[in-house]
Amino acid sequence: MSAAALTSLAQGLAPDSTEAGCFHCGLPLGAHTYAAVVNGERRDTCCRGCQAVAELIAAQGLGAYYRNRAALPPAPESTGNAARAFSHFDLAEVHSGYVLHLDPQQREAALLIEGVTCAACLWLIEQRLLRLDGVTVATVNHGTHRLRIAWDESRVKLSAILAAITALGYQAHLYDSGRSETVLARERRALLWRLFVAAFGMMQVMMVAFPVYIAEGDMPADIERLMQFAGLVLTLPVMLWSALPFYRGAWRGLRARSLNMDVPVSAGILMAFSASVMATVSGTGAVYYDSVCMFVFLLLGTRYLELSARAVAAREQDRLARLIPAIATRLPRFPDTRVREVVPAASLRPGDVVEIKPGSPVPGDGVVIEGISSVNEALVTGEPRPLSRRTGDRVIAGSVNGEGALVARLEQTGQHTTVAGIVRLMDRALEAKPRLASMADWVAGKFVLALLLVVALSAVTWWFIDKDRVVWVTISLLVVTCPCALSLATPAALVAATGSLSRRGILITRGHALEALAKATHFVFDKTGTLTNGRMSLIGVLPLAHHTRETAIAMAASLEASSEHPVGRALVAAVPVPAPYQVSQMQTVAGQGVEGFIDGVRLRAGSPRFVAALNGLPLPSELVFVSDDVTTVALGSESEWLALFTLSDTLRSDARCVVQTLLEQGKEIHLVSGDRAPCVKRVAERLGLRFAKGDATPADKLDYVRDLQVQGASVAVIGDGVNDAPVLAQAQVSVAMASGTELARLSADVTLLTDRIEPLLDAVTIARRTLRIIHQNFLWAIAYNAIAVPLAVMGQVTPLVAAVGMSASSLLVIGNALRLCDRLPRAGQRS
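These numbers were taken from a predicted model, which means no experiment stands behind them. (Residues numbered from 1 in each chain as written. Predicted model: local features only at pLDDT ≥ 70, side-chain atom pairs only at ≥ 80, totals over all residues. Heavy atoms only, no water.)

**Here's the deal with the overall build of the chain**
Right, so step 1: The number of helices and strands found in the chain is 30 helices and 29 strands.
Right, so step 2: Across the 831 residues in the chain, those meeting the buried criterion constitute 53%.
Right, so step 3: Across the chain, every contact between residues at least 6 apart in sequence was considered, and the portion connecting residues at least 24 apart equals 67%.
Right, so step 4: Element-wise, carbon and sulfur atoms account for 59% of the exposed surface of the chain, whose accessible area totals about 35700 Å². (Helix = DSSP H or I, 4+ residues; strand = E, 2+ residues; numbered from the N terminus. Buried < 20%, exposed > 50% of the residue type's maximum accessible area, 1.4 Å probe, protein only. Contact = heavy atoms within 4.5 Å. Areas by Shrake-Rupley, 256 points an atom, 1.4 Å probe, with all protein chains shown as cover.)

**Describing the nonpolar core**
Right, so step 1: In this structure, Phe-523, Phe-525, Leu-531, Leu-662, Leu-671, Leu-687 and Leu-760 are the most contacted members of the largest nonpolar core, which totals 48 residues.
Right, so step 2: Counting residues per element, this core draws most heavily on helix H29 (residues 759-793), at ten residues.
Right, so step 3: Sequence-distant contacts of Leu-687, defined by excluding residues within four places in its chain, comprise Leu-531, Leu-651, Ala-655, Arg-656, Val-659 and Gln-660.
Right, so step 4: By size, the runner-up hydrophobic cluster in this structure holds 45 residues, among which are Leu-195, Met-294, Leu-451 and Trp-462. (Core = buried A, V, L, I, M, F, W, Y, C linked by side-chain atoms within 4.5 Å.)

**A closer look at the sheet that holds strand S10 (residues 353-356)**
Right, so step 1: Within the open sheet, the six strands sit side by side as S9-S8-S10-S16-S11-S14. Their pairing is antiparallel. Taken across any chain shown, the strands that pair with only one partner, and hence form the sheet edges, are strand S9 (341-344) and strand S14 (394-395).
Right, so step 2: Of the strand pairs in this sheet, strand S11 (residues 365-370) and S14 are connected by two bridges, and their pairing is antiparallel. Its bridge partner lying in S14, Gly-366 is registered against Val-395. (Pairing = 2+ DSSP bridges.)

**Some points on the packing of helix H24 (residues 655-664) against H29**
Right, so step 1: Close contact between H24 and H29 brings their axes to 9 Å; oriented N to C, the two are set at 25 degrees. Taken together, the axes of H24 and H29 lie roughly parallel to each other. Side by side, H24 and H29 meet where Cys-657, Val-658, Thr-661 and Leu-662 of the first sit next to Leu-760, Leu-761 and Val-764 of the second. (Axes fitted to C-alpha atoms, helices over the stretch in contact; angles between N-to-C directions. Parallel < 35°, antiparallel > 145°, perpendicular 65-115°, else oblique.)

**Some details on the packing of aromatic side chains**
Right, so step 1: Here the structure, examined in full by the defined rule, presents three aromatic pairs.
Right, so step 2: A cation sits over an aromatic face here: Arg-194 above Trp-241, 4.0 Å from the ring centre.
Right, so step 3: Here Arg-604 stacks its cationic end above the ring of Phe-610, 4.3 Å away from the centre of that ring. (Phe/Tyr/Trp six-rings, centres within 6.5 Å; stacked < 30°, edge-to-face > 60°. Lys NZ or Arg CZ within 6 Å of the ring centre and 35° of its normal.)

**Describing the confidence of the model for the chain**
Right, so step 1: The predicted model of the chain has a mean per-residue pLDDT of 76, with 75% of residues at 70 or higher.
Right, so step 2: Ignoring residues within four places in sequence, the model shows residues 1-19, a span with pLDDT below 50, making 39 contacts including any to other chains.
Right, so step 3: Across residues 74-83, confidence stays below pLDDT 50; counting only partners more than four residues off in sequence or on other chains, it has 17 contacts. (pLDDT = per-residue confidence, 0-100.)

**A short note on the pairing of strand S25 (residues 668-672)**
Right, so step 1: Across the five residues that make up S25, a large majority, four, are buried.
Right, so step 2: The sheet contact formed by strand S18 (residues 522-525) and S25 spans four bridges and is parallel. Across the sheet, residue Phe-525 finds its bridge partner in S25, namely Leu-671.
Right, so step 3: With three bridges connecting them, S25 and strand S26 (residues 691-693) associate as parallel partners. The residue bridging Val-672 from the neighbouring strand is Lys-693, located in S26.
Right, so step 4: Handedness of the β-α-β unit built from S25, helix H25 (residues 677-687) and S26 comes out right-handed. (Right-handed = clockwise from strand over helix to strand, strands pointing away.)

**Structural notes on the environment of Pro-799**
Right, so step 1: Locating Pro-799 in the fold gives a position in helix H30 (residues 799-818).
Right, so step 2: Taking relative accessible area as the criterion, Pro-799 reaches 6% and is therefore assigned buried.
Right, so step 3: Taking the C-alpha atoms as reference points, Pro-799 and Tyr-288, 511 residues apart in sequence, are found 7.3 Å from one another.
Right, so step 4: Sequence-distant contacts of Pro-799, defined by excluding residues within four places in its chain, comprise Tyr-288, Ser-291, Trp-472, Ile-475 and Ser-476.

**Notes on the packing of helix H9 (residues 221-242) against helix H11 (residues 262-282)**
Right, so step 1: Viewed as axis vectors pointing N to C, H9 and H11 meet at an angle of 150 degrees, and their least axial separation amounts to 10 Å. Taken as axis vectors, H9 and H11 run roughly antiparallel relative to one another. Seen along the crossing, H9 lies across H11 with a hand that is left-handed. Along the contact surface, H9 presents Arg-225, Gln-228, Phe-229, Leu-232, Thr-235, Leu-236 and Met-239, while H11 presents Ile-269, Leu-270, Phe-273, Val-277, Ala-279, Thr-280 and Val-281.
Right, so step 2: When its residues are assigned to classes, the contact of H9 with H11 shows ten nonpolar, three polar and one charged. (Left-handed = near helix turned anticlockwise from the far one by under 90°. Nonpolar A, V, L, I, M, F, W, Y, C, P; charged D, E, K, R; others polar.)

**Looking at a nonpolar patch on the surface**
Right, so step 1: A surface patch of nonpolar side chains, about 590 Å² in accessible area, is lined by Trp-193, Phe-196, Phe-200, Met-203 and Trp-241.
Right, so step 2: Top contributing element to the nonpolar patch by residue count: helix H8 (residues 177-215), with four residues.
Right, so step 3: By relative accessible area, Trp-241 is classed as partly exposed at 38%. (Patch = residues over 30% accessible without salt bridge, like charges linked within 9 Å, V, L, I, M, F, W, Y side chains within 5 Å. Salt bridge = Lys/Arg side-chain N within 4 Å of Asp/Glu carboxyl O.)

**Overview of H29**
Right, so step 1: Given a rise of 1.5 Å per residue, 35 residues ought to cover 51 Å, and the 50 Å separating the end C-alpha atoms of H29 matches this to within 8%.
Right, so step 2: Positive backbone phi, approximately 80 degrees, marks Gly-795, located one or two places after H29. (Expected span 1.5 Å × (residues − 1).)

**Here's the deal with the environment of Val-764**
Right, so step 1: You can see Val-764 is positioned in helix H29.
Right, so step 2: The spatial distance from the C-alpha of Val-764 to the C-alpha of Leu-662 is 9.2 Å, given a sequence separation of 102 residues.

**Regarding unusual backbone geometry**
Right, so step 1: The omega angle of the peptide bond from Phe-334 to Pro-335 is 5 degrees, so this bond is cis rather than trans.
Right, so step 2: Relative to the assigned elements, Pro-335 resides in the loop between strand S8 (327-330) and S9.
Right, so step 3: Even without glycine at this site, Asp-695 takes up a positive phi of about 55 degrees.
Right, so step 4: According to the relative accessible area criterion, Asp-695 is partly exposed, its value standing at 42%.

**Brief notes about the pairing of strand S12 (residues 373-376)**
Right, so step 1: Sheet topology note: the S12/strand S13 (residues 387-389) ladder contains three bridges and is antiparallel. Bridging across to S13, Ser-373 finds its partner in Arg-389.
Right, so step 2: Strand direction decides the pairing type here: S12 and strand S15 (residues 400-401), joined by two bridges, are antiparallel. If you follow Asn-376 over to S15, its bridge partner there is Val-400.

**Section: H30**
Right, so step 1: Between its terminal C-alpha atoms H30 stretches 29 Å, which fits the 28 Å expected from 20 residues at 1.5 Å a residue.
Right, so step 2: Three or more residues of H30 are buried, namely Pro-799, Ala-802, Ala-803, Met-806, Ser-807, Ser-809, Ser-810, Val-813, Ile-814, Asn-816 and Ala-817.

**Observations regarding the side chain of Ser-458**
Right, so step 1: By secondary structure assignment, the location of Ser-458 is in helix H15 (residues 435-465).
Right, so step 2: Excluding its chain neighbours within four sequence positions, the residues that come into contact with Ser-458 are Val-473, Leu-477 and Val-793.

**A few points about the sheet that holds S13**
Right, so step 1: Read across the sheet, three strands follow the order S13-S12-S15 without closing on themselves; strand pairing throughout is antiparallel. For this open sheet the edge positions go to S13 and S15, each flanked by a neighbour on one side alone.

**Let's talk about the side chain of Ser-399**
Right, so step 1: Here Ser-399 is to be found in the loop between S14 and S15.
Right, so step 2: On the accessibility criterion, Ser-399 (0% relative accessible area) is buried.
Right, so step 3: A polar atom in the side chain of Ser-399 sits 2.7 Å from the backbone oxygen of Ile-396. (Polar contact = N/O pair within 3.5 Å; in protein donor to acceptor, adjacent residues only side chain to side chain.)

Have a look at this one:
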């Protein structure tokens, strides 16, 4: 806590004041108040806790929170007590299940924040945490209230982070899917009860209003007044219970000097009800009880659907998190004995040996060391086919074992597993707000202010035209122009699309990806590992010096031992013992090859030109006998050529379909690869491509994409290797293969989780549908308001019609967005 806050705790009582609420929490002030100095002004608070928190916020330079917030926080706890209460979160046992260890000191975790009511609360939490010494990342997902926090363990502890959040008046928990489900269920249950009361009130009020409508003035006055009083009584529960969230939201906005969407909604509801009560009591004028009840019911129904739509992405993440089993069977003394022990999956560590029974999920990422079976990775990667697994094959956490028992040695557990990484990437995508969403929020904010100005001018105008119609024209205008549809136009579609793609094994990792993918005009593909299977095999060895064939392969494999490139992996796989030679001063030149010293001799393995740059000799004449269909790797020293290796790769079975479909859609396809130009040209001819470039270095690829962008192209790059990372970052949107290197996946905006390229077509199709639906939603919202506002101003819209029109507009936007959740046939299943 700051020195200013501690000083404020020791200050005496301020003068008595009961005229206003507490500056921090808004609760009524008692007989004694506690003075807090915020932004140079004296503010009264109700207790020492609120005084300390207010001083703390001001001392940290976050005084803007009080101007921007749209809601009041719950009562804060003592920071010291909170730190002690959270001290157990610093234990290694707790970290193992929830905290990701990035390096010896860097940590990352996801927290679920409760008590948040508006964007200003999220801003305050982020800014406060970023000011803690050691916190490097603090971002809150606006849709799920999930906080992603990264920190340096040597400078700040998790308990201090949790205590800082608690001191601000919010509750923070290490995220788990169970708690998220509980919070979501509680919100849904409360909203459903309010919706039920509004629906019941609406039906009953309509029953007493309908006879008055059909009587057309012929009903006796005493019976009509009886019907009006009945409508008043039936409307009271709707006003006092169902509509309460709108009043609270409007009050928070007004207190924060902010005009949110609840302000015009609440104004319309209260004006309609007040006018109806006055007409009922006085016996003159029209009543609008049916309009009030219907408006509240329809608006609550809209918000319920909005809540459901926003929860789609959260449920998708929870679905992935629940794939990890709660318990696992560990073999602590394998292979000496088969003694089994059932342990919590969270207690597993890398190196543990586990038994995976048929039908059981895999508890961590690892390697099979015994058994033959098949595993189903559909829930993780979207791959529908069972995959064969035997000794030496990898298994990933969350996949389900098939018919045979497997024994696996775990390599990654907890937050280091593939599933945990996918969840973090989804969090990153949902934290970023796309340009369209930001624009919609800005327009909606300005729209509320413009609406209130129009309402005021309309009321003044109608006062001079017809005083008897002022009230219901004003009510109709407030109700009919609620900007809900405008605000929902983008986020509802984006959330639905993200969930739909995730179920198909397509992971959106950045918020702008869908919009950029839909607008892409040029697709630039890498060759090896992208359009081809990336599983090269050694088919020929030609020694060029005194070394034998076996020695040449062994030296090349030793140089490539740490390579992630498919060519390097093929050379390593060609020798029975990995890295037969000790290599020193190892260097990797992206897109060219590797270099190192073996027994004091400087060697290079890579493209022939890369090796020629070392020894200065002409290219071997034997290269003229090498077919264009194969990849050639040279091995040489500073004084001579040592060997040539030929490797072969095959096109993916779905590559031709993907390329032809994109061409039919009018896209321009380019093939740019670091492989030999003749080999690249041959692949381009087989795929029917006009644009192909071989022998491309990472810098060449970067320049190639930049040239396309200068010409006005919107470029999507699809790659998988280390040498693709720079060009992936340069493109408007980038796609990485699941089999690619980690650097490529981290640089990409979209990751295909299956070992096929065909899901790219699904991603493009859904991205285009998403953008089309967003534009449709925008056009509808704009057209609706362009028609509704003039009609309401002219007095042509009754309050009842206004309620139906506004709610129908919002429901149409949400329903249109939810079409993205339709289970369209996968790319491979289309005719």
